[in-house]
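Architecture at a glance
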Amino acid sequence: MNRFEELKKIVKEAGVIVKNGYAKTVDADKKSATELVTKYDKEVEEFLIGQIAPLYSEYKIVGEESFKGGKLPERAIFIDPIDGTTNFVHKFPHLGISVGIWSSGEAEEAIVYNPILEEFFYAQKGQGAFCNEQRLYVADEENLQNSIIATGFPYVKHEMGAEYWWVINSMQKLLPKIRDIRRLGAAAVDLCYLAQGKVNGFYEVNLQPWDVAAGILIVQEAGGVVSNLSGGKYSLEDNIIVASNGEIQSQLLNNLAEFGND
Ligand code: IPD
């Protein structure tokens, strides 16, 4: 079995822990006024690190619950043990275990697994993106007005700072120009739904590398594009991500607010 196949097996095993937790009433601790964490986030991350570290020993692991901050390593495995923790706690089945492998600013391998809906998304650079073995392609839609756009709201929204106003101003500008918005609650899975053609675009402010590291490759391998707010190459340190099927990318960028203008 090659290394990526072993990785898939590990992520599937982690899915059992998530599934068991989802069946129970879960107590959550608050990381901030709106950001939750549960014992399952920690348990899944510990399990994944223990299994993945020896398999990918030349990479450093950057996990949501254990990363201490600082510069991102050159070769890194970004782990979000439960992307969509709020959904997990409130029993909305839109969530995923996200594992993205990056080297020198490029994504190499990606897995996003939703064990509740049994959706297993994965991609390797240059080899296409898949969900449950089915090849994924972004939707062929050229018109922003016919597009469904997914987004999310930052955890710092209660502070009503620049991020909050960017969300509000962008919504005001964009909403009349599109078919509708979806705020589903798990950025990694939102990106997979873009890859699958369910939504045509996605944007969000303040995401962390582990939220998007895997989803980015899955979008790119399905034929989509991912950029920062200026339309340039997205780096995991950018504060705004804008992704789409490619055909509507410039229309989407033109209808988002400038950051910092409130
Ligand atoms: C969150 C989800 C959500 C997004 C938040 C993320 P988490 O991830 O992806 O959709 O709006 O900004 O932090 O905290 O549940 O892993």
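Report follows, based on the coordinates. Fair warning: this is a prediction, and the values are worked out from it, not measured in the lab.

1. Some thoughts on the site of the ligand
- Close contacts around the ligand come from 16 residues, with D80, D83, G84, T85 and E204 the closest.
- Here an oxygen atom of the ligand sits 2.8 Å away from a polar atom, N or O, in the side chain of D80.
- One nitrogen or oxygen atom from the side chain of E204 is found 2.6 Å from an oxygen atom belonging to the ligand.
- For the ligand, whose unbound accessible area comes to 370 Å², protein coverage reaches 96%.

2. Comments concerning helix α2 (residues 39-55)
- Helix length check: α2 (17 residues) gives 25 Å between terminal C-alpha atoms against 24 Å at 1.5 Å per residue, within 8%.
- Looking at α2, one finds that the buried residues are Y40, D41, V44, E45, L48, I52 and L55.
- In this structure, the buried residues of α2 make contact with α1 (3-22), β2 (36-37), β3 (60-63), β4 (75-83), α3 (85-90) and β5 (96-103).

3. Looking at the packing of α1 against α2
- The contact between α1 and α2 brings their axes to 10 Å, and the two run at 165°. As far as their axial angle goes, α2 and α1 are roughly antiparallel. In the crossing of α1 with α2, the sense of the turn from one axis to the other is right-handed. Along the contact surface, α1 presents R3, E6, L7, I10, V11, E13, A14, I17, V18 and G21, while α2 presents Y40, E43, V44, F47, L48, Q51, I52 and L55.
- When grouped by side-chain class, the residues that make up the contact of α1 with α2 number 12 nonpolar, 2 polar and 4 charged.

4. Re the sheet that holds strand β12 (residues 201-205)
- Spatial ordering of the open sheet is given by β11-β10-β12-β14-β13, a layout of 5 strands whose pairing is mixed. Both edges of this open sheet fall to β11 (180-182) and β13 (225-227), since each of them pairs with a single strand only. Pairwise comparison of adjacent strand axes, ignoring direction, gives a mean angle of 20° for this sheet.
- Summarising the sheet, β13 and strand β14 (residues 240-244) pair through 3 bridges and their orientation is antiparallel. Looking across to β14, one finds that V226 is bridged to A243.
- Helix α5 (residues 187-195) rests against β10 (148-151), β12 and β14 of the sheet, and its axis sits at about 155° to β12.

5. Structural notes on the packing of aromatic side chains
- Under the definition given, this model contains 11 aromatic pairs.
- On the basis of an interplanar angle of 45° and a centroid distance of 6.4 Å, the ring pair of Y22 and F88 is categorised as tilted. Pair noted here: Y22 is in helix α1 and F88 is in helix α3, with a separation of 66 residues, a long-range link. Of the two residues, Y22 and F88, both sit in the buried class.
- The interplanar angle of 55° and the centroid separation of 5.1 Å between the aromatic rings of Y113 and F120 together place this pair among those described as tilted. No difference in accessibility class separates Y113 from F120, as the two residues are buried.
- Within the aromatic cluster, the residues linked to one another by ring pairs are F4, Y113, F120, Y122 and F130.
- Lying over the aromatic face of Y22, K91 brings its terminal NZ or CZ to 5.3 Å of the ring centre.

Thresholds applied
- Residues numbered from 1 in each chain as written.
- Predicted model: local features only at pLDDT ≥ 70, side-chain atom pairs only at ≥ 80, totals over all residues.
- Heavy atoms only, no water.
- Near = heavy atom within 4 Å.
- Polar contact = N/O pair within 3.5 Å; in protein donor to acceptor, adjacent residues only side chain to side chain.
- Areas by Shrake-Rupley, 256 points an atom, 1.4 Å probe, with all protein chains shown as cover.
- Helix = DSSP H or I, 4+ residues; strand = E, 2+ residues; numbered from the N terminus.
- Expected span 1.5 Å × (residues − 1).
- Buried < 20%, exposed > 50% of the residue type's maximum accessible area, 1.4 Å probe, protein only.
- Contact = heavy atoms within 4.5 Å.
- Axes fitted to C-alpha atoms, helices over the stretch in contact; angles between N-to-C directions.
- Parallel < 35°, antiparallel > 145°, perpendicular 65-115°, else oblique.
- Left-handed = near helix turned anticlockwise from the far one by under 90°.
- Nonpolar A, V, L, I, M, F, W, Y, C, P; charged D, E, K, R; others polar.
- Pairing = 2+ DSSP bridges.
- Phe/Tyr/Trp six-rings, centres within 6.5 Å; stacked < 30°, edge-to-face > 60°.
- Lys NZ or Arg CZ within 6 Å of the ring centre and 35° of its normal.

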